[in-house]
Structure formats: C-alpha cells, structure tokens
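Structural features, examined
Chain by chain, the residues run as shown.
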Amino acid sequence: MNIITDAIVSELKQPKVSVILAKYQASDNAKTLLHPNPDWQPKMAVSQLVENDLPHDAIQLIAHGLPVMTAIRWGLSVLSNNDRIAAENAAILECVANWLSSPNETMRIRAQQLAERVGLDTAAGWLGYAVFWSGTGSIVAPELPVVMPPDNMVGHAINAAILLSLVESN
C-alpha cells in the first residue's frame, strides 16, 4: 500500500509549509531541505521530501498538516490495510472507526482505554491515543479541571502510528 497518496496530500490546505513545520521538530535532513524554502506549498514540500529519500519526514509533515479527523482517518486506513495489525487489534480499530462515524465522549474514552491496554509500543496504541487527544474532551480524570491536549498531539500520534505500522508489517 502506498501510504503517501495524492489524495491525502491534497488535504493539506495550509498556504505555506512553514505553518506545518511550526507544529513539530523536523529531522535535521528535513530542516536542511525545508527551512530555506518556508514559502513552499505543502504538496511541494512532501514531493521534495520523497524525492530526497526522506519518506518518514514526509509522513510526519502530512500527519501534522492534516485536519484532525482526516489525520485519524488516514491512520486508520493505513493500519487497517496491514493484515497483521488489523487481526491483532480489531477492537481498537473498530472503536476508532466508530468514533470517526459518530464522535462522542464514550468512544473517545474507550479508544484511550484500549490504547492503554496495547501500549505505546504499538501502532494501534498510538492510533487510539490520537482519538483521545483529538481535542473533543479533557485529557485528565473527570473530577479534575478540564485540560485540553496541545493542538499538535494528534499529528505526533498519527506519525508514530504510521511509522510503527511500517515496522510492525515486517
């Protein structure tokens, strides 16, 4: 499966790649390529990263540039198309799919519980946390004052989920 598709790249709506780069710490190689060109459109940046054999950096840029729901949908698609991950993590993938169909607090908390069970050393765990950190509810216990996640947490989680899925598929 080709993870970086024209369809997913077309969902990057920022006018300049610098807007996305402000959300995460790019690798040294990506910085060398992208920082001198902050006015590039994201599509050009992704293309240049891929052409310069930096696909992991391209995935990270896309993960941080997509809208939350689109990023989570992309992560779910990638993990669902990995037979091993899909078989071993059916419950969490189903929970994420249900949340995407009807975002609600019960499914958001359930995704976090399932992610906790499988851990952050798995792609599915990161995908579950992406839902939990989606910005639709507090990330602390209900009896505590509301704490919303930083706006780049979904990007971090989707990046980790997709990169781990590449490792887990081998």
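Right, let's walk through the structure included here.

1. With respect to the pattern of salt bridges
Summed over the entire model, instances satisfying the criterion amount to three salt bridges. Residue Glu88 pairs with Arg84 through a salt bridge whose shortest N-O separation is 3.4 Å. Here the residue Glu88 and the residue Arg84 both occupy positions in helix α7 (residues 83-88), the gap between them amounting to four residues, near one helical turn. The class of Glu88 is exposed, set by a relative accessible area of 55%.

2. Some remarks on the environment of Leu93
Tracing the sequence through the fold places Leu93 in helix α8 (residues 90-101). Sequence separation of Leu93 and Gly125 is 32 residues, and the distance between their C-alpha atoms is 9.8 Å. Once residues within four sequence positions are removed from consideration, Leu93 is found in contact with Leu76, Leu79, Ser80, Ile85, Ala86 and Leu127.

3. Quick look at the nonpolar core
Among the nonpolar cores identified, the biggest contains 54 residues, and Leu61, Ile62, Ile72, Trp74, Leu79, Leu127 and Ile158 are the most heavily contacted of them. For this core, the element with the highest residue contribution is helix α10 (residues 123-132), accounting for eight residues.

4. A short note on α10
The buried fraction of α10 is high, at 10 of 10 residues. Taken together, the buried positions of α10 are occupied by Ala123, Ala124, Gly125, Trp126, Leu127, Gly128, Tyr129, Ala130, Val131 and Phe132.

5. Some details on α8
Along an α-helix, a turn takes 3.6 residues, which lines up residues three or four apart on a common side. With 12 residues, α8 should reach 16 Å at 1.5 Å per residue; the first-to-last C-alpha distance of 16 Å fits that figure. All buried positions along α8 are accounted for by Ile92, Leu93, Cys95, Val96, Trp99 and Leu100. Projected onto a plane normal to the axis of α8, the buried residues spread over an arc of 160° and lie on a single side. α8 presents Glu94 and Ser101 as exposed residues on the side facing more than 90 degrees away from its buried surface. Buried residues belonging to α8 abut α6 (68-80), α7, α9 (105-118) and α10.

Rules used throughout
Residues numbered from 1 in each chain as written. Predicted model: local features only at pLDDT ≥ 70, side-chain atom pairs only at ≥ 80, totals over all residues. Heavy atoms only, no water. Salt bridge = Lys/Arg side-chain N within 4 Å of Asp/Glu carboxyl O. Helix = DSSP H or I, 4+ residues; strand = E, 2+ residues; numbered from the N terminus. Buried < 20%, exposed > 50% of the residue type's maximum accessible area, 1.4 Å probe, protein only. Contact = heavy atoms within 4.5 Å. Core = buried A, V, L, I, M, F, W, Y, C linked by side-chain atoms within 4.5 Å. Expected span 1.5 Å × (residues − 1). Arc of directions from axis to C-beta.

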